[in-house]
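One-letter residues, chain by chain:
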Amino acid sequence: MNATVRGLDGEATGEIELPEVFGTTFRPDLIGKAVTAARANRAQRTGADEYAGLRTPAESFGSGRGMAHVPRENGQGRRVPQTVGGRRAHPPKAEKDPGKKINDKERRLAIRSALAATADVELVRERGHEFDDVDLPVVLDDAFEELVKTREVVDALEALGLHADIERADEGRAIRAGRGTTRGRKYREPSSILFVTSGEPSKAARNLAGADVATADEVNAEDLAPGGHPGRLTVFTESAIEEVAER
């Protein structure tokens with residue numbers, strides 16, 4: 001299985017033999033499991049205040065009044081779970097670990113399967129990515145790693161026929177629904193192209209709409225399948241392909 005190596009002008013400069021990892025069986029179940037575990041393992045622990053709902057002088061009126069033995073303050077029930085402003089019956093505990101475990105072999109197989117999915121044109125289009133008729137995976141000459149200006153990356157993507165996906169992500173940026181708007185995550189943005197390089201992540205490509213940058217050594221299932229949906233449009237450099245093979 002070979003892939004065409006292209007220059008920054010979009011023209012073919014040679015061919016490279018793809019490593020065996022790109023022939024891995026498609027396992028969406030393991031990919032979803034690995035992404036879920038990754039998201040859970042970076043979740044911040046949350047818990048209720050120990051005295052939430054208990055800061056009240058309310059006391060029960062006792063027996064003999066034909067009333068429930070609910071603590072009351074000015075006639076209003078307080079403290080117990082079924083009252084307004086009372087404590088929660090089973091509040092979230094900060095001691096609880098929100099993380100999830102996954103077997104190392106399953107995690108590695110999920111990454112290999114997600115890598116193989118990036119070479120499947122049908123899967124990539126089904127995920128919603130927009131691009132011209134090009135062979136996948138897209139492999140660029142190592143000159144891409146030397147780019148320092150975002151404008152240069154945009155020119156290269158236009159020559160390759162991939163820039164439509166960046167525009168799709170930019171147009172899809174929208175205000176998030178819910179409380180997240182006041183908590184530093186006001187906007188949600190679709191994922192677009194993933195750039196995989198060797199050595200250092202590309203600084204020139206990291207500011208494009210919806211784009212992510214990673215190295216071949218550190219790329220994981222969540223990078224390759226955001227939200228657990230495999231088939232992300234991915235651009236590799238020639239050196240990155242060789243490093244992926246060693247992994």
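Before reading further, recall that the structure is shown in the block above.
Keep in mind the model is a prediction, meaning the values are calculated, not measured.

Digging into the sheet that holds strand E5 (residues 138–140)
Point 1. The strand order E2-E1-E5-E10-E8-E9 describes an open sheet built from six strands, whose pairing is mixed. The open sheet has two edge strands, strand E2 (12–17) and strand E9 (212–215), and neither has a second partner. Strand-to-strand twist of the sheet, defined as the mean angle between neighbouring strand axes without regard to direction, takes the value 30°.
Point 2. Sheet topology places strand E1 (residues 2–6) next to E2; five bridges connect them, and they run antiparallel. Pairing of Val5 across the sheet is with Gly14, part of E2.
Point 3. Seen against the sheet, helix H7 (residues 238–246) touches E1, E2, E5, strand E8 (194–197) and strand E10 (234–237) and runs at an angle of roughly 90° to E10.

Side note on the nonpolar core
Point 1. Counting residues in each nonpolar core, the largest one holds 30 residues, and the members touching the most others are Phe22, Leu115, Val196, Leu224, Phe236 and Ile241.
Point 2. When contributions to this core are tallied by element, the ones reaching two or more residues are E1, helix H1 (28–41), helix H2 (104–117), E8, helix H6 (221–224) and H7.
Point 3. Per element, the largest residue contribution to this core is five residues, and it comes from H1.
Point 4. Those residues in contact with Leu224, other than ones at most four positions away along the chain, are Ile111, Ala114, Leu115, Thr118, Leu194, Val219, Gly231, Arg232 and Thr234.
Point 5. Counting 24 residues, the second-largest nonpolar core is a separate cluster that includes Leu147, Leu160, Leu162 and Ile166.

Parameters at a glance
Residues numbered from 1 in each chain as written. Predicted model: local features only at pLDDT ≥ 70, side-chain atom pairs only at ≥ 80, totals over all residues. Heavy atoms only, no water. Pairing = 2+ DSSP bridges. Helix = DSSP H or I, 4+ residues; strand = E, 2+ residues; numbered from the N terminus. Axes fitted to C-alpha atoms, helices over the stretch in contact; angles between N-to-C directions. Contact = heavy atoms within 4.5 Å. Core = buried A, V, L, I, M, F, W, Y, C linked by side-chain atoms within 4.5 Å. Buried < 20%, exposed > 50% of the residue type's maximum accessible area, 1.4 Å probe, protein only.

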